[in-house]
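Geometric and topological summary
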Amino acid sequence: MRVAGLISGTSVDGIDVAVVDVDEGIKVIATTTVPYPADVREAILSVSNAPAHAATIARLNFLLGELFAEAVRSAGVPLESIDLIGSHGQTIFHEGEPVEFLGRKIASTMQIGEAAIIAERTGIETIADFRPSDIAAGGKGAPLVPFLDYQLFRHRAIARVALNIGGIANITVIPAGAGMEDVIAFDTGPGNMVIDALAPPFDRNGERARAGQVNRALLEQLLNEDPYYHREPPKACGREQFGAGFVHRTGIDVATATELTVRTIALAIGKYPATEEVIVSGGGAHNSYMMERLATVLKPRITTPAEFGIDGDSKEAILFAVLAYQTHQRRAGNLPSATGARNAAILGKVSYT
Ligand SMILES: Nc1ncnc2c1ncn2[C@@H]1O[C@H](COP(=O)(O)OP(=O)(O)O)[C@@H](O)[C@H]1O
Ligand SMILES: [Mg+2]
């Protein structure tokens, strides 16, 4: 079955598309990224964790549906050959950990990019809204990528960690000979999000961080004071913790933000000393200074999904193609060991054509 996967991550940089043939194995047919127009990115950031009118959110939801549908077209694969779309959408709010709300404990998440529009414009059945199903099952709604990491990277004799450095950084720990239930996955902390806020749109190749000075006192303070880094998984974080508020409150600079990302990734991977290989994907893999720092502080060999025939920038788009396929087959797509859900759940909602 040919499935198109769509996602825009927490960096809000643009829509990643992957067209994948999914049956026994996973064969990637085409990938592309369609950057958001600057004003659209601005509008998304302005409704993410900021007071916003419901009208703005509703309009953005439908506008993003149009942009996601156009992104499928731009992959250059005839629409008639695509059987199914899996769209993650754009997260504008994620709170996987329940909070006290109107007398109840509520965990919640919101992804926008209206699937009814995507299905109507492309003529292709579209599955979207994957995360709420996991939250309904008692999970944190994230991370979902371990499902794919396990399929792509598991090895009988080699212990591996898949590291994705997006807006937030996350790892999937796959011990040698692991079964699915042995996989551990969690967000390590900020990826590029804090850096992007300080050096918009991003610190190309880490040049500003390389030229800057790490504020050691601030770094140690942040590492020691935030209980998040020291908490046991499952755990997930987002723009709520590391968005504009964090930048403002801490007075952090680009060099220190880059080192914070590196050190918190190293802290997380260091908890799994058997790890022999770290497979790095996401936009942060293009930050050559960050990669140099990671190579210095990490013991395991560093590699990329390219070694496994996968484009590292498209891994999450591939994931949502694979998850849509799972749902289409009435099969679960979450890993309870990763999200903390009580049970495996069939993820998403379907817009038929
Ligand atoms: N050449 C580069 N140098 C430094 N950072 C880069 C480079 N290319 C991409 N990035 C970073 O990657 C981010 C996008 O990564 P991505 O994996 O798409 O994240 P997300 O999943 O959060 O959207 C950009 O916002 C930027 O911070
Ligand atoms: Mg992105």
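No experiment lies behind these values; they were computed from the predicted model shown.

Parameters and conventions
- Residues numbered from 1 in each chain as written.
- Chains lettered and ligands numbered in written order.
- Predicted model: local features only at pLDDT ≥ 70, side-chain atom pairs only at ≥ 80, totals over all residues.
- Helix = DSSP H or I, 4+ residues; strand = E, 2+ residues; numbered from the N terminus.
- Rg over C-alpha atoms; globule rule 2.2 N^0.38 Å.
- Contact = placed C-beta atoms within 7 Å.
- Axes fitted to C-alpha atoms, helices over the stretch in contact; angles between N-to-C directions.
- Parallel < 35°, antiparallel > 145°, perpendicular 65-115°, else oblique.
- Left-handed = near helix turned anticlockwise from the far one by under 90°.
- Nonpolar A, V, L, I, M, F, W, Y, C, P; charged D, E, K, R; others polar.
- Pairing = 2+ DSSP bridges.
- Near = placed C-beta within 6 Å.
- Domains from an automatic or database assignment.
- Buried ≥ 20, exposed ≤ 12 C-beta atoms within 10 Å, placed from the backbone.
- Arc of directions from axis to C-beta.
- Core = buried A, V, L, I, M, F, W, Y, C linked by C-beta atoms within 7 Å.

A look at the overall build of the protein
When helices and strands are tallied, the protein shows 14 helices and 12 strands. Taking 2.2 N^0.38 as the reference for a compact globule, 353 residues should give roughly 20 Å; the C-alpha atoms of the protein span a radius of gyration of 19 Å, in line with that estimate. Viewed in the frame of its principal axes, the protein has a C-alpha envelope of about 55 × 50 × 45 Å. Residue pairs in contact within the protein that sit at least 24 positions apart in sequence constitute 71% of those at least 6 positions apart.

Let's talk about the packing of helix 2 (residues 54-73) against helix 3 (residues 115-122)
Contact geometry for helix 2 and helix 3: axes closest at 8 Å, N-to-C directions at 40°. One element, helix 2, and the other, helix 3, form an angle in the oblique class. Between helix 2 and helix 3 the crossing geometry is right-handed. Residues Phe62, Gly65, Glu66, Phe68, Ala69 and Val72 of helix 2 form the contact with helix 3, whose own contacting residues are Ile117, Ile118, Arg121 and Thr122. Across the contact of helix 2 with helix 3, the residue classes tally to 6 nonpolar, 2 polar and 2 charged.

Overview of the packing of helix 11 (residues 254-270) against helix 12 (residues 288-297)
Across the interface, helix 11 lies against helix 12 with an axial gap of 10 Å and an inter-helix angle of 35°. For the pair helix 11 and helix 12, the sense of crossing is right-handed. The residues of helix 12 that touch helix 11, namely those facing Thr258, Thr261, Val262, Ile265 and Ala266, are Tyr289, Met290, Arg293, Leu294 and Val297. Looking at the contact of helix 11 with helix 12 residue by residue, the classes come out as 7 nonpolar, 2 polar and 1 charged.

Side note on the pairing of strand 3 (residues 26-35)
Looking down a regular strand, the side chains alternate between one sheet face and the other. Where strand 2 (residues 14-22) meets strand 3, 9 bridges bridge the pair, whose relative direction is antiparallel. Within strand 3, the residue paired with Val20 across the bridge is Val28.

Regarding the environment of Glu42
Residue position: Glu42 is located in helix 1 (residues 38-47). Expressed as a C-alpha distance, the spacing of Glu42 and Val12, which sit 30 residues apart in the sequence, is 9.0 Å.

Overview of the site of ligand 1
What surrounds ligand 1 is a group of 19 residues, the closest being Gly9, Ser11, Gly166, Asn192 and Gly283. Of the residues contributing to the shell around ligand 1, the split by class is 1 nonpolar, 13 polar and 5 charged. For the shell around ligand 1, the two domains that each supply at least three residues are domain 1 (2-144 + 314-351) and domain 2 (146-308).

Things to note about helix 1
Two residues of an α-helix separated by three or four positions point the same way, owing to the 3.6 residues in each turn. For helix 1, the complete set of buried residues consists of Ala43, Ile44 and Val47. Down the axis, helix 1 shows its buried residues gathered within 100° of arc, on one side only. In this structure, helix 1 carries Ala38 and Glu42 as exposed residues pointing more than 90 degrees from its buried face. Looking at the buried positions of helix 1, the neighbouring elements they touch are helix 2 and strand 4 (84-101).

Focus: the nonpolar core
Residues Ala4, Leu6, Val17, Leu163, Ile318, Ala321 and Val322 are the most contacted members of the largest nonpolar core, which totals 101 residues. Split by domain, this core shows at least three residues from each of two domains, domain 1 (2-144 + 314-351) and domain 2 (146-308). Beyond its immediate chain neighbours, meaning those up to four positions away, Leu6 contacts Ile15, Val17, Phe68, Ala71, Val72, Ile85, Ser87, His88, Ala317 and Phe320.

Looking at the sheet that holds strand 10 (residues 277-281)
Remark on secondary structure: sheet strands pair via backbone hydrogen bonds, oriented parallel or antiparallel. Pairing is mixed across the open sheet formed by 5 strands, whose spatial order is 9-8-7-10-11. Each end of this open sheet is capped by a strand with a single partner; those strands are strand 9 (184-190) and strand 11 (301-303). The sheet shows a mean angle of 20° between the axes of neighbouring strands, direction not considered. Across 3 bridges, the pairing between strand 10 and strand 11 is parallel. Bridging across to strand 11, Glu277 finds its partner in Arg301.

Regarding the domain arrangement of the protein
Taken domain by domain, the protein holds domain 1 (2-144 + 314-351) and domain 2 (146-308). The straight-line distance from the C-alpha centre of domain 1 to that of domain 2 is 22 Å. Facing the 25 residues of domain 1 at the interface are 28 residues of domain 2. At the level of elements, strand 4, helix 13 (315-328) and helix 14 (336-339) are the ones that each hand at least two residues to the side of domain 1 that touches domain 2. At 5 residues, the largest contribution of residues to the side of domain 1 that touches domain 2 is made by helix 13. Class assignment of the residues belonging to the side of domain 1 that touches domain 2 gives a composition of 10 nonpolar, 11 polar and 4 charged.

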